[in-house]
Amino acid sequence: YQYKGKYDIELATVFLNEYYYKIKIKYHDYLILYPPSSKLDDEKRGFIHIQEIIKNLKMPYIDGFYKVDNYKQSEQSFNERQNIKEHIFIKKNLPIKNKKILIIDDIITSGNTIITIINLILKNYSPIRDIKVLIIAKSRQ
């Protein structure tokens, strides 16, 4: 919340810090994509939160998706979250065909955003060599 909700961009480096080298070694030949956030939130915040986290990896990434409105998953019921596929679109002419793709997101609740992203990639840019998903989350142990 301090990072995303209070706009503390300096915290971007801490999210993947513990796994930085493991990610770089395991996914060194992958291209990173990430789901879009609300354009309104990005403008208010002054940065794209997932993009700032990814930049710290110093790996190739593409801003390949966009939302057509300010639809927020957090404001939807579990069943309503399936409608995300009507709000996220993939950009044209992305250099991702025949690539290995690593999708990075900061949260997963229903999985509908990730499913939508994967379906958009496969529908518009097949063949893809591989797709992996990395969710940045901490849990209590």
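Model, not experiment: these values are computed from the prediction.

**Here's the deal with the packing of aromatic side chains**
Next, step 1: Applying the stated criterion to the full structure yields six aromatic pairs.
Next, step 2: With 6.5 Å between their ring centres and 50° between their planes, Tyr 34 and Tyr 61 make a pair best called tilted. Here the residue Tyr 34 occupies a position in the loop between strand 1 (31-33) and helix 2 (39-45), and Tyr 61 occupies one in strand 2 (residues 61-62), the gap between them amounting to 27 residues.
Next, step 3: Here Tyr 34 falls in the buried class, since its relative accessible area comes to 1%.

**Thoughts on unusual backbone geometry**
Next, step 1: The peptide bond linking Ser 126 to Pro 127 adopts the cis configuration, its omega dihedral lying at 0°.
Next, step 2: Considering the arrangement of structural elements, one finds Pro 127 in the loop between helix 4 (112-125) and strand 6 (130-135).
Next, step 3: Of note in this structure, Lys 58 is not a glycine but carries a positive phi near 55°.
Next, step 4: The topology assignment puts Lys 58 in the loop between helix 3 (49-55) and strand 2.
Next, step 5: Classification of Lys 58 by relative accessible area gives exposed; the value is 65%.
Next, step 6: Notably, Asn 93 is not glycine yet its phi reads approximately 60°, a positive angle.
Next, step 7: Within the fold, Asn 93 resides in the loop between strand 4 (88-90) and strand 5 (100-105).

**Remarks on the side chain of His 49**
Next, step 1: Along the polypeptide, His 49 turns up in helix 3.
Next, step 2: Within the structure, His 49 has its side chain in polar contact with the side chain of Arg 45 (distance 3.5 Å).
Next, step 3: Of the polar contacts made by the side chain of His 49, one reaches the side chain of Asp 106; its length is 3.2 Å.

**Some points on the side chain of Asp 105**
Next, step 1: For Asp 105, the position within the fold is in strand 5.
Next, step 2: The class for Asp 105 is buried, based on a relative accessible area of 8%.
Next, step 3: Sequence-distant contacts of Asp 105, that is, excluding residues within four places in its chain, are made with Pro 35, Ile 50, Thr 113, Ile 114, Leu 134, Ile 135 and Ile 136.

Conventions adopted
Residues numbered from 1 in each chain as written. Predicted model: local features only at pLDDT ≥ 70, side-chain atom pairs only at ≥ 80, totals over all residues. Heavy atoms only, no water. Phe/Tyr/Trp six-rings, centres within 6.5 Å; stacked < 30°, edge-to-face > 60°. Helix = DSSP H or I, 4+ residues; strand = E, 2+ residues; numbered from the N terminus. Buried < 20%, exposed > 50% of the residue type's maximum accessible area, 1.4 Å probe, protein only. Polar contact = N/O pair within 3.5 Å; in protein donor to acceptor, adjacent residues only side chain to side chain. Contact = heavy atoms within 4.5 Å.

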